[in-house]
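# Structure assessment
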Amino acid sequence: MLRTSTRSSEASFDVFGAGMRPPANETDEDKARRLEAEREALRVSKTIDAALLEGKKVLERKKRAVKILLLGQSESGKSSVLRNFRLAFTPRYFESERVLWRTVIQLNLISSIKKILNTMHEEWTEAESASSPTMLTSQHRRLSLALSPLLAFETSISQLIASDAGGNGYGVTVRPGGGWKDRLTASLGRASGAAPALGVSAEPPTGGSGQQDPTQVTQVLAACRDNIIALWEDDAVRAVLAERDVDLVEEPGFFLDDTPRVTALDYVPSDRDIMRARIRTLGVEEHSFVTESGFRAGTEFFITDVCGSSHQRSTWIPYFDDVQAILFLAPLLFWQSLDEDTKTNRVQDSLELWREIVGNPLLAKTAFILLFNKKDILQAHINAGVVVKKYVPSYGERANDVPSVTKYFRDKFSAYLRKFSPEPRPFIFYETEAIDTKSTAVILGEVQEQIIRNHLKDLDVM
Ligand SMILES: Nc1nc2c(ncn2[C@@H]2O[C@H](COP(=O)(O)OP(=O)(O)OP(=O)(O)O)[C@@H](O)[C@H]2O)c(=O)[nH]1
Ligand SMILES: [Mg+2]
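Since this is a predicted model, take the numbers as computed values, not measurements. (Residues numbered from 1 in each chain as written. Chains lettered and ligands numbered in written order. Predicted model: local features only at pLDDT ≥ 70, side-chain atom pairs only at ≥ 80, totals over all residues. Heavy atoms only, no water.)

Attention shifts here to the overall build of the protein. Tallying secondary structure elements over the protein gives 17 helices and 6 strands in all. Across the 462 residues that make up the protein, the buried fraction comes to 44%. Once local pairs closer than 6 in sequence are excluded, the contacts in the protein between residues at least 24 apart make up 73%. If you sum the accessible surface of the protein, you get close to 23,800 Å²; carbon and sulfur atoms cover 54% of it. (Helix = DSSP H or I, 4+ residues; strand = E, 2+ residues; numbered from the N terminus. Buried < 20%, exposed > 50% of the residue type's maximum accessible area, 1.4 Å probe, protein only. Contact = heavy atoms within 4.5 Å. Areas by Shrake-Rupley, 256 points an atom, 1.4 Å probe, with all protein chains shown as cover.)

In structure tokens form, the structure reads like this:
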């Protein structure tokens, strides 16, 4: 019995051993190939182990980290708040990205120019087909021609950083997931032959592949400076834009009034410029970082930034899991409608969205912080005489000033929170102006402190 058992175990050992042993007639070449294959298999196995370990570590870190979700309609200022967050709490990282923002701002400027040129072309086409007079002259045609090289840069750089899905043809839209920064960094590095830096290289860049590089755009913009100013300051151009309802000043990412500064060869974007830059988020971006400064520096954050367009809101749901706080942005721009649905009033849309989000059972334990962002724009419009009750009849005879408007809508948001939250939760709100980095830093400092305290309480650390 004992012998049988031994034999059987030897036999089974042999079955595996035979498979592992090299064949008796193995040539030197076969052996080299086999050893190489074994080394490769070991490398792949180690890579998989490392990835699993890394994945586990990320999950562990994510469990301990503070998780924040930025929500709100498109253009509400979610990404701008995230930028403010990074400026306030990871200033070294923010500095390292300044060079990328120069390219985004250059693209914003070119987008505005493209809109003007396209509007002029529409005017010419209609004037020709209807044989009607136009205020635009041959001088405008010369300007249009002189500025047309900029459009090639717009296309080319947009292709580098933009999504294949593209945007609406004007705004800057980036690839989902934030990978655009790596692509742009690599491109800037290649163009200057070194790590990307601000200012242009002494040597003019050589295009080579035919693809425009971001360093060249700096030089072409500098060369176009006077023509851009001439175009934007031209009375006939302004009149054509007004006639065709093209209001560039009101659009996000408007830098035409800053042309002399933005087109300078040594242009370095200020913090405010970076907050004013417009780049549309597509899909969902997850940002993880450890704070360098502020309350409990060294705290790890996971901040999720989403695209606010109504077509993309279903992509938010997977990110509701395990989030400590939602920063909900709701600008009180009651005279505007959504870009994607011009029949829907912006504030009405924010209220509906707020109601859905606060009422979501997955978010019952999540803290909500409401940011009435863009208070500078609200103030400017009230100062310019915009009458609230014209757009919001239920506003009635209340005073036509910012405190009354804010109180009116604040009461509505607060009532929805009380009525639709699955469990009672405090109503926390701030009035913000994300392009003002100083005031935003103070508010974000308070917000961060509250969130960390709550988080530590949940983890039983405090
Ligand atoms: N004047 C002013 N402009 C702001 C303010 N907050 C944001 N902006 C500008 O508004 C534009 C839109 O802001 P984003 O942060 O890109 O908006 P978003 O919510 O991320 O939009 P999506 O990515 O499309 O969902 C940008 O050009 C910002 O510079 C503000 O408080 N005041
Ligand atoms: Mg965004």
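Having seen it, we continue.
If you check the shell around ligand 1, you find 27 residues, and the closest are Ser74, Lys78, Ser80, Met275 and Arg278. Within the contact set of ligand 1, an oxygen atom lies 3.0 Å away from a backbone nitrogen or oxygen of Gly77. The side chain of Asn373 places a nitrogen or oxygen atom 3.0 Å from a nitrogen atom of ligand 1. Elements with a contribution of two residues or more to the shell around ligand 1: α3 (78-89), α12 (271-276) and α14 (375-383). Residue contributions to the shell around ligand 1 peak at 3 residues, all from α3. Classifying every residue of the shell around ligand 1 by side-chain character gives 9 nonpolar, 10 polar and 8 charged. Looking at which domains feed residues into the shell around ligand 1, each of domain 1 (65-90 + 291-458) and domain 2 (98-276) supplies at least three. (Near = heavy atom within 4 Å. Polar contact = N/O pair within 3.5 Å; in protein donor to acceptor, adjacent residues only side chain to side chain. Nonpolar A, V, L, I, M, F, W, Y, C, P; charged D, E, K, R; others polar. Domains from an automatic or database assignment.)

Note on the magnesium ion (ligand 2): its protein donors are Ser79 (OG) and Thr281 (OG1). The metal-donor distances range over 2.1 Å. Of this pair, Ser79 sits in helix α3 while Thr281 sits in the loop between α12 and β2 (284-290); the two residues are 202 residues apart in sequence, bridging distant segments of the chain. The buried category is assigned to Ser79, whose relative accessible area is 15%. (Donors = N, O, S within 2.8 Å, 3.2 Å for Na, K, Ca; no water.)

Looking now at the UniProt feature "binding site: Mg(2+)" (unreviewed entry) in the protein. Feature annotation in UniProt assigns "binding site: Mg(2+)" (unreviewed entry) to the following positions: Thr281. Here Thr281 is in contact with Ser79, Asp305, Val306 and Cys307, once residues within four sequence places are set aside. Side chain to side chain, Thr281 and Ser79 meet in a polar contact 2.9 Å long. (UniProt positions renumbered as here; feature names shortened; annotations may be inferred.)

Now for the UniProt feature "binding site: GTP" (unreviewed entry) in the protein. When the UniProt feature table is mapped onto this chain numbering, "binding site: GTP" (unreviewed entry) sits at Asn373, Lys374, Lys375, Asp376 and Ala434. In sequence the annotated residues extend across 62 residues, while in space they remain close, none of their C-alpha pairs exceeding 9.3 Å. Looking at where Lys375 falls in the secondary structure, it is placed in helix α14. What makes Lys375 partly exposed here is its relative accessible area of 33%. When neighbours within four sequence positions are excluded, Ala434 is seen to be in contact with Ser80, Val81, Asn84, Met275, Asn373 and Thr440.

If you look at the biggest cluster of nonpolar residues, it comprises 48 residues, and the most contacted ones within it are Ile113, Ile116, Leu231 and Leu256. Those elements that provide at least two residues to this core are α5 (98-130), α6 (138-147), α7 (149-161), α8 (180-192), α9 (214-232), α10 (235-243) and α12. Ranked by residues supplied to this core, first place goes to α5 with 13 residues. Apart from residues lying up to four places away in sequence, Leu256 is in contact with Leu109, Ser112, Ile113, Ile116, Ile228, Trp232 and Leu248. Of all hydrophobic cores here, the second largest spans 36 residues; its members include Val323, Phe328, Phe368 and Leu378. (Core = buried A, V, L, I, M, F, W, Y, C linked by side-chain atoms within 4.5 Å.)

On the secondary structure map, Ser80 appears in helix α3. In this structure Ser80 touches Met275 and Ala434, once residues within four positions along its chain are discounted.

This paragraph deals with a nonpolar patch on the surface. Residues Val44, Ile48 and Leu52 make up a contiguous nonpolar surface patch of about 270 Å² in total accessible area. Assignment of secondary structure puts Ile48 in helix α2 (residues 28-64). (Patch = residues over 30% accessible without salt bridge, like charges linked within 9 Å, V, L, I, M, F, W, Y side chains within 5 Å. Salt bridge = Lys/Arg side-chain N within 4 Å of Asp/Glu carboxyl O.)

Summed over all chains, the structure comprises 16 aromatic pairs. Ring plane angle 70° and centroid distance 5.4 Å describe the contact between Phe372 and Phe413, whose orientation is recorded as edge-to-face. With Phe372 in strand β5 (residues 367-372) and Phe413 in helix α16 (residues 402-420), this pair connects stretches of sequence that are 41 residues apart. Accessibility expressed as a relative area gives 2% for Phe372, which makes it buried. For Phe413, a relative accessible area of 0% puts it in the buried group. Pairing Tyr408 with Phe409 gives two aromatic rings, centres 5.1 Å apart and planes at 75°, and the pair type is edge-to-face. Ring-pair connections join several aromatic residues into one group, and the members of that group are Phe328, Trp354, Phe368, Phe372, Phe413, Phe427 and Phe429. Lying over the aromatic face of Trp124, Arg141 brings its terminal NZ or CZ to 4.2 Å of the ring centre. A cation sits over an aromatic face here: Arg238 above Trp232, 3.8 Å from the ring centre. (Phe/Tyr/Trp six-rings, centres within 6.5 Å; stacked < 30°, edge-to-face > 60°. Lys NZ or Arg CZ within 6 Å of the ring centre and 35° of its normal.)

Another aspect to go through is unusual backbone geometry. Phi is positive for Ser131, which is not a glycine, with a value near 50°. Unlike most non-glycine residues, Asp322 shows phi in positive territory, near 60°. Secondary-structure assignment places Asp322 in the loop between β3 (300-306) and β4 (325-329). Judged by its relative accessible area of 44%, Asp322 is partly exposed.

Here we take up the pattern of salt bridges. Per the counting criterion, the structure on display carries 27 salt bridges. Between Arg34 and Glu26 there is a salt bridge; the shortest N-O distance is 2.6 Å. Since its relative accessible area comes to 21%, Arg34 is described here as partly exposed. Residue Lys181 is joined to Glu97 by a salt bridge in which the shortest nitrogen-to-oxygen separation is 3.1 Å. You can see Lys181 sitting in helix α8 and its partner Glu97 sitting in the loop between α4 (91-96) and α5, a full 84 residues away along the chain. When its relative accessible area of 8% is taken as the criterion, Glu97 is described as buried. Shared partners join several salt bridges into a network, and the residues in it are Glu122, Glu123, Glu126 and Arg244.

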